[in-house]
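Close look at the chain arrangement
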Amino acid sequence: MSTTFKFAVFIGLLITNTFQVSFSSVISTGDFNKDFSATWSPSHVYTTADGRTRSLKLDQESGSGFASNQMFLFGQIDMQIKLVPGHSAGTVVAFYLSSDQPKRDEIDFEFLGNVSGQPYILQTNVYADGNDDREERIYLWFDPTKNFHTYSVLWNLHQIVFMVDRIPIRLYRNHADKGVAYPRRQPMSIKASLWNGDSWATRGGKDKIDWSKGPFIASFRNHKIDACPWNGNPRFCRAESSTNWWNKERYSTLTSTQRRWFKWVRLHHMIYDYCQDNKRFQNNLPKECSLPKY
């Protein structure tokens, strides 16, 4: 059996066993003009006539960004993204959820550009009650500049799952009962941005943006927001119901197939895990590092 065929079979099993979505709770229109607003440099935000695809531009004048018109408390968010091609060193494409409070909660995908021919780094992070320092980094197993790929967050009462093309790459469990901060009270908006991070993003800031390679463009399409709209009452979003499918017990952990994929990513593609950085934390790792992920 060829490697390609095995991979196709595995993907089929994954899709069969992955988080199932109840279409009754999908609230996005699929139109960027209706679901999102430009929040940074509108002149650098481009949307197709049908509203289905949006691009962000970074040049020496400015970066750019957009955010959802609504805020949400729990759900699943999908976004297809095609990253900046070619020499992208110093650029950062961010797709994330943020509460915008002083002690904010945040769930981050950050794509760190690199010099031509080198792989993109995907950094994920979780802020809870204003505290971060929870970075993980992986190399993607494909070229994210050639085609669109789906990046997803499942956020519920039990766990946060980061996914790439439905493959779980990171878990952050709700261990609030053990004194670990977890995003569970603050509603968050959905955001995307493209910006100059050359002070740190590529080899710790050693590789700067080459503006002669610009302008730099990242594209987004086929967003899906299957989440609980914030109406000021957190009890509604925390309830287990047919609409709030993500809070059901079956989504409190990964399936056996998802666990195999998760372990595969950790074994073959992870390049940094804050839970293994004893030097950074002076041999006093954050509490969640010693607790189970699922």
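What counts and what doesn't
- Residues numbered from 1 in each chain as written.
- Predicted model: local features only at pLDDT ≥ 70, side-chain atom pairs only at ≥ 80, totals over all residues.
- Heavy atoms only, no water.
- UniProt positions renumbered as here; feature names shortened; annotations may be inferred.
- Buried < 20%, exposed > 50% of the residue type's maximum accessible area, 1.4 Å probe, protein only.
- Helix = DSSP H or I, 4+ residues; strand = E, 2+ residues; numbered from the N terminus.
- Pairing = 2+ DSSP bridges.
- Axes fitted to C-alpha atoms, helices over the stretch in contact; angles between N-to-C directions.
- pLDDT = per-residue confidence, 0-100.
- Contact = heavy atoms within 4.5 Å.
- Disulfide = S-S within 2.5 Å.

An unreviewed UniProt entry lists the protein chain under the name Xyloglucan endotransglucosylase/hydrolase, from Salix brachista. Here is the UniProt Sequence similarities (unreviewed entry) comment for the protein chain, exactly as written: "Belongs to the glycosyl hydrolase 16 family." Looking at the Function (unreviewed entry) heading of the UniProt record, one finds this comment for the protein chain: "Catalyzes xyloglucan endohydrolysis (XEH) and/or endotransglycosylation (XET). Cleaves and religates xyloglucan polymers, an essential constituent of the primary cell wall, and thereby participates in cell wall construction of growing tissues."

**Structural notes on the pairing of strand E13 (residues 189-196)**
Summarising burial for E13: six of the eight residues are buried, a large majority. Pairing geometry for strand E4 (residues 64-68) and E13, over four bridges, is antiparallel. Among the inter-strand pairings, Gly65 is bridged to a residue of E13, identified as Ser193. As paired elements, strand E6 (residues 91-98) and E13 share eight bridges and run antiparallel to each other. Considered in E13, the bridge of Tyr96 is made with Lys191.

**Some thoughts on the sheet that holds strand E3 (residues 53-58)**
With respect to topology, seven strands assemble into an open sheet ordered E2-E3-E14-E5-E10-E11-E12, the strand pairing being antiparallel. The open sheet has two edge strands with one neighbour each: strand E2 (45-47) and strand E12 (167-173). Across the sheet, the mean angle from the axis of one strand to that of its neighbour is 20 degrees, orientation sign disregarded. Direction of pairing for E3 relative to strand E14 (residues 216-229): antiparallel, over a ladder of six bridges. Across the sheet, Leu56 pairs through a bridge with Ala218, a residue of E14.

**Details of the confidence of the model for the protein chain**
Confidence in the prediction for the protein chain averages 91 pLDDT; 91% of positions are at 70 or higher. Residue range residues 15-24 is modelled with pLDDT below 50. Its contacts to residues more than four positions away, or to other chains, number 28 contacts.

**As for the state of the cysteines**
Throughout this description, disulfide means a covalent bond between two cysteine sulfur atoms. The final tally for this structure, using the stated rule, is two disulfides. Across the disulfide from Cys228 sits Cys237; the S-S distance is 2.2 Å. One quick way to see it: the torsion about the S-S bond of Cys228 and Cys237 is about -75 degrees, and its sign makes the bridge left-handed. Classification of Cys228 as buried rests on a relative accessible area of 1%. By relative accessible area, Cys237 is classed as buried at 0%. At a sulfur-sulfur separation of 2.0 Å, the disulfide partner of Cys275 is Cys289. Because the torsion about its S-S bond is -80 degrees, the bridge between Cys275 and Cys289 counts as left-handed. Placement of the pair is Cys275 in the segment after strand E15 (270-273) and Cys289 in the segment after E15, with a sequence separation of 14 residues.

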